[in-house]
Amino acid sequence: MPMTLEQLNSASQEAAAQQLDGLYEHSPWIAEQALHERPFTSLAHLKHAMCEVLAHAGRDAQLALIRAHPELAGKAMVSKTLTAESTNEQSKAGLTDCTPEEFAKIQKLNADYNAKFGWPFILAVRGPRGLGLNKRQIIDAFERRLHGHPDFELAECLRNIHRIAEIRLNDKFGVEPTLGHKVWDWQEKLAQHSDPGFAELGQLTVTYLTDAHRACAQGITQNMRDCGFDEVYTDAVGNVVGRYHPATSSGKYLMTGSHYDTVRNGGKYDGRLGIFVPMVCVQQLHQQGKRLPFGIEVVAFAEEEGQRYKATFLGSGALIGQFNPAWLDQQDADGITMRAAMQHAGLCVDDIAKIQRDPAQYLGFVEVHIEQGPVLNQVNIPLGVVTSINGSVRYLCEVIGTASHAGTTPMDRRRDAACAVAELALYMEQRAAQDGDSVATMGQLQVPNGSINVVPGRCTFSLDMRAPTDAQRDVLVADILAQLQAIAERRGVRVKAELTMCAAAAPSAPEWQARWERAVSALGVPLFKLPSGAGHDAMKLHEVMPQAMLFVRGENGGISHNPRESTTSCDMQLCVDAFTHVLNQLASELS
């Protein structure tokens, strides 16, 4: 029989330690020390307590834990001396049934990894879904991480150890993240659709109104209908809208959702997680025959990334009356105008103005999203409450110096455009770091028509500067532009700078942020607050109604806009639970 939290909380220290034996490989001390935090309010609370024990144990203890783990498909497996838990995990991943070639490959990787880092490669081979990674995925992860930095690899090994312990703990308690699995499965199925040229390479790319994009819309539509939404339709810009009616016709709606388009060769969770989490919450309400004092409107926004046309936030912008008719004449790389693409998709451009929402009919907008960064991953916390979506400013710039012979121009006579820009890049890095949450990026840097033996006469570059408040951002921008001018004057070069984007910060509405905070705390998850450095559809809705966001931890260092973007079904289950808690809070407040 699976144990219960009540049994664990009431057991003696010795009995409780025995119940948790086997979570961490040959290292019972982690669970034993975590037990001093009893009583635990949830498994999430227990998991974090164990993470904290290891985080404060020191490097020697951490290395000892890593070295207590067997190699994947290694000598312990061959000699059948693995623990029962490790045998089960390696078996699920097929490592107990390797071909001679696969076995030899993994043995070589084990040897190379140990030689470089001094500890065995650790990977939670049961994977984010818990079903087991396949051998190709394991070997790919092995080969990629072999090139990692030792500090990152140490942290990544520890994070994988915690994931292994999480799965083992779920097994002991007979806990299955059923709704997290459902969200996972929906995302996997949706990721089968990809644009031509990328699909053949196994890459995920879904841009506005392509065949893959329309197939995604059809899939989301069917999912919404299966969940029990009362209305499901595609609007004039391609947003898929599902509405679950309130208990009374006079009830307002809570709007939520995110985007289903992707960047090129992107990940499966960016945007889409924010569609499927509320969908599964509605499904639960429908199955229970339950209505709330308010309705729920889930919007799968058709476009947010600006990949096919230069029109970011097209889907959410249209809902607040900010669709620019000039966009219709934009052409994609194949010369197809947006107007033609919309007509081909069966959308009526004359109806675009009609989809603008009346904010008076809504309580607010909430969005859940994968973090797209490393912070939650580093602190071993599954959920984060967003305090603000950073305001951002972008410039396209050019420094003009004098092109001259690289061999004959003395160093003190040069007007090197590239060196001027390089100096600015280093200043940006130092200046943004002074603010903590500010960031500054020079994402593009080119010497047009440059030659190996010519001092650069021109250098073009971009500036992207972001901060949680407009005031903080504006000071950052002013300092960087002033430094650019000072560098130019000192080096005798000229500067051109064109402002290309200025987006206001979107601080979370206090009352909505507080609801997320209460939901997270109720789950036994430590309350962690952070700003969003990335832009989101919530930024647009923020202009007309209160908004707040919840982040979900990403795996693989929190990487996003990348095929390795990932999260676990356990973390998605917590997200579903938090969303449900917010719904229940609202229902109680309005009753």
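The following refers to the structure shown. Being a predicted model, the structure only gives us computed values, none of them experimental.

Description of the pattern of salt bridges
The final tally for this structure, using the stated rule, is 35 salt bridges. Between Glu166 and Lys47 there is a salt bridge, with its nearest N and O atoms 3.3 Å apart. One end of the pair, Glu166, is in helix H10 (residues 150-173); the other, Lys47, is in helix H4 (residues 43-55), with 119 residues separating them in the sequence. Side by side, Glu166 and Lys47 carry an identical accessibility label, which is buried. Note that Arg490 is salt-bridged to Glu423, the shortest N-O span being 2.5 Å. In this pair, Arg490 is assigned in helix H18 (residues 470-491) and Glu423 in helix H17 (residues 417-433), connecting sequence segments 67 residues apart. On the basis of relative accessibility, which here comes to 54%, the residue Arg490 falls in the exposed class.

Considering the nonpolar core
Formed by 103 residues in total, the largest nonpolar core has its most connected members in Tyr208, Ile220, Met279, Met338, Met342 and Trp516. Ranked by residues supplied to this core, first place goes to helix H21 (residues 569-590) with 10 residues. With near-sequence residues (within four places) excluded, Met342 lies in contact with Tyr208, Leu209, Ala236, Val237, Leu328, Leu347, Val349 and Ile352. If you look at the next biggest cluster of nonpolar residues, it comprises 51 residues, including Leu20, Tyr24, Ala34 and Leu154.

A look at unusual backbone geometry
Look at the link from Arg38 to Pro39: it is a cis peptide, with omega at 5°. Among the secondary structure elements, Pro39 is positioned in the loop between helix H3 (29-34) and H4. Phi at Phe313 takes a positive value of approximately 60°, unusual for a residue other than glycine. Its place among the elements puts Phe313 in the loop between strand E4 (295-301) and helix H14 (314-319).

Focus: empty space enclosed by the protein
Within this structure, the stated rule accounts for 3 cavities of 30 Å³ or more. Approximately 300 Å³ is the volume found for the largest cavity. In terms of lining residues, the largest cavity is bounded by 21 residues, among which Cys51, His162, Glu166, Asn380 and Arg553 are the most central. Of all elements in the fold, only H4, H10 and H21 reach the threshold of two or more residues within the lining of the largest cavity.

Thresholds, definitions, all that
Residues numbered from 1 in each chain as written. Predicted model: local features only at pLDDT ≥ 70, side-chain atom pairs only at ≥ 80, totals over all residues. Heavy atoms only, no water. Salt bridge = Lys/Arg side-chain N within 4 Å of Asp/Glu carboxyl O. Helix = DSSP H or I, 4+ residues; strand = E, 2+ residues; numbered from the N terminus. Buried < 20%, exposed > 50% of the residue type's maximum accessible area, 1.4 Å probe, protein only. Core = buried A, V, L, I, M, F, W, Y, C linked by side-chain atoms within 4.5 Å. Contact = heavy atoms within 4.5 Å. 1 Å grid on protein atoms, 1.4 Å probe; cavity = no way out; pocket = protein on both sides within 12 Å on 5 of 7 lines; lining within 4 Å. Points joined across faces, edges and corners; volume = space filled by probe spheres on them.

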